[in-house]
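# Survey of secondary and tertiary structure
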Amino acid sequence: MHHVRLLGGLLLATAPVLAQAPDSARQASVHPQPEVLLVPRISVAGQPKAFVGAGVSRLNMRMMPGNKLRATGQYLAADVRVAGRGSWYGVRLGAFATWRLLCAEASAGYYTNGRGGQLILTPALGLSGGGMLNLLYGYNASLGGAQLAQASRHRVSLAWHLLPM
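### Describing the side chain of Ser43
- Structurally, the position occupied by Ser43 is in strand E3 (residues 35-46).
- Here Ser43 falls in the buried class, since its relative accessible area comes to 9%.
- With near-sequence residues (within four places) excluded, Ser43 lies in contact with Phe51, Val52, Gly53, Asp79, Leu158 and Ala159.

Below is the structure:
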């Protein structure tokens, strides 16, 4: 059914408009849904002494238009530096984001040597292999607590997310 209206001296004819269904294939290519995975995480780091870490990551992986892989996630890991009397034990909580070959991460870790403890915040930048393997350089900022000996400002780390095949 058509209607005729007068608007500002113009004669307009209007007709009912049919709603168009969104093109789901087009929307999926523009805004693909992320794949969320809970995966094991293994890491090694040097600051300057070597650390080994293990934990779990929650990954959000998304393939963007043009075959660009983007991954974001959070992790919780236990870190250990075994060095006799100079051993440290700690827990690290962090978040990261990757885009193609670049990676950024921010983490907070609490470390103790059994006699004192220290909170260390670490922003880091580096290279990524699709979010599965991240090589990062971070700068440690120590906050409060007993300053642990040999806590360097510099941290180089390699984190590997064990994705299911």
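### Regarding empty space enclosed by the protein
- Inspection of the entire model under this criterion finds 1 cavity of 30 Å³ or more.
- Roughly 110 Å³ of internal volume is contained in the largest cavity.
- As for the largest cavity, its lining consists of 16 residues, of which Tyr75, Arg92, Glu105, Arg155 and Ser157 are closest to the centre.
- Elements represented by at least two residues in the lining of the largest cavity include exactly E3, strand E5 (68-81), strand E7 (102-112), strand E8 (117-128), strand E9 (133-139) and strand E11 (154-161).
- By residue class, the composition of the lining of the largest cavity is 6 nonpolar, 5 polar and 5 charged.

### Concerning the nonpolar core
- Within the largest apolar cluster, 9 residues are counted, these being Leu37, Val39, Leu59, Met61, Ala71, Tyr75, Ala77, Phe96 and Leu163.
- Of all the secondary structure elements, the ones that give two or more residues to this core are E3, strand E4 (50-64) and E5.
- With near-sequence residues (within four places) excluded, Leu59 lies in contact with Glu35, Val36, Leu37, Val39, Thr72, Gly73, Phe96, Gly131, His161 and Leu163.
- Core analysis: the next-biggest nonpolar cluster, separate from the first, contains 5 residues, Ala45, Trp88, Tyr111 and Ile120 among them.

### Comments concerning the pattern of salt bridges
- By the definition in use, this model includes 3 salt bridges.
- Close ionic contact of Glu105 with Arg41 constitutes a salt bridge, the shortest N to O distance being 3.9 Å. With a gap of 64 residues between them, Glu105 in strand E7 and Arg41 in strand E3 connect regions that are remote in the sequence. With respect to class, Glu105 is no different from Arg41; both count as buried.

Procedures and definitions
Residues numbered from 1 in each chain as written. Predicted model: local features only at pLDDT ≥ 70, side-chain atom pairs only at ≥ 80, totals over all residues. Heavy atoms only, no water. Helix = DSSP H or I, 4+ residues; strand = E, 2+ residues; numbered from the N terminus. Buried < 20%, exposed > 50% of the residue type's maximum accessible area, 1.4 Å probe, protein only. Contact = heavy atoms within 4.5 Å. 1 Å grid on protein atoms, 1.4 Å probe; cavity = no way out; pocket = protein on both sides within 12 Å on 5 of 7 lines; lining within 4 Å. Points joined across faces, edges and corners; volume = space filled by probe spheres on them. Nonpolar A, V, L, I, M, F, W, Y, C, P; charged D, E, K, R; others polar. Core = buried A, V, L, I, M, F, W, Y, C linked by side-chain atoms within 4.5 Å. Salt bridge = Lys/Arg side-chain N within 4 Å of Asp/Glu carboxyl O.

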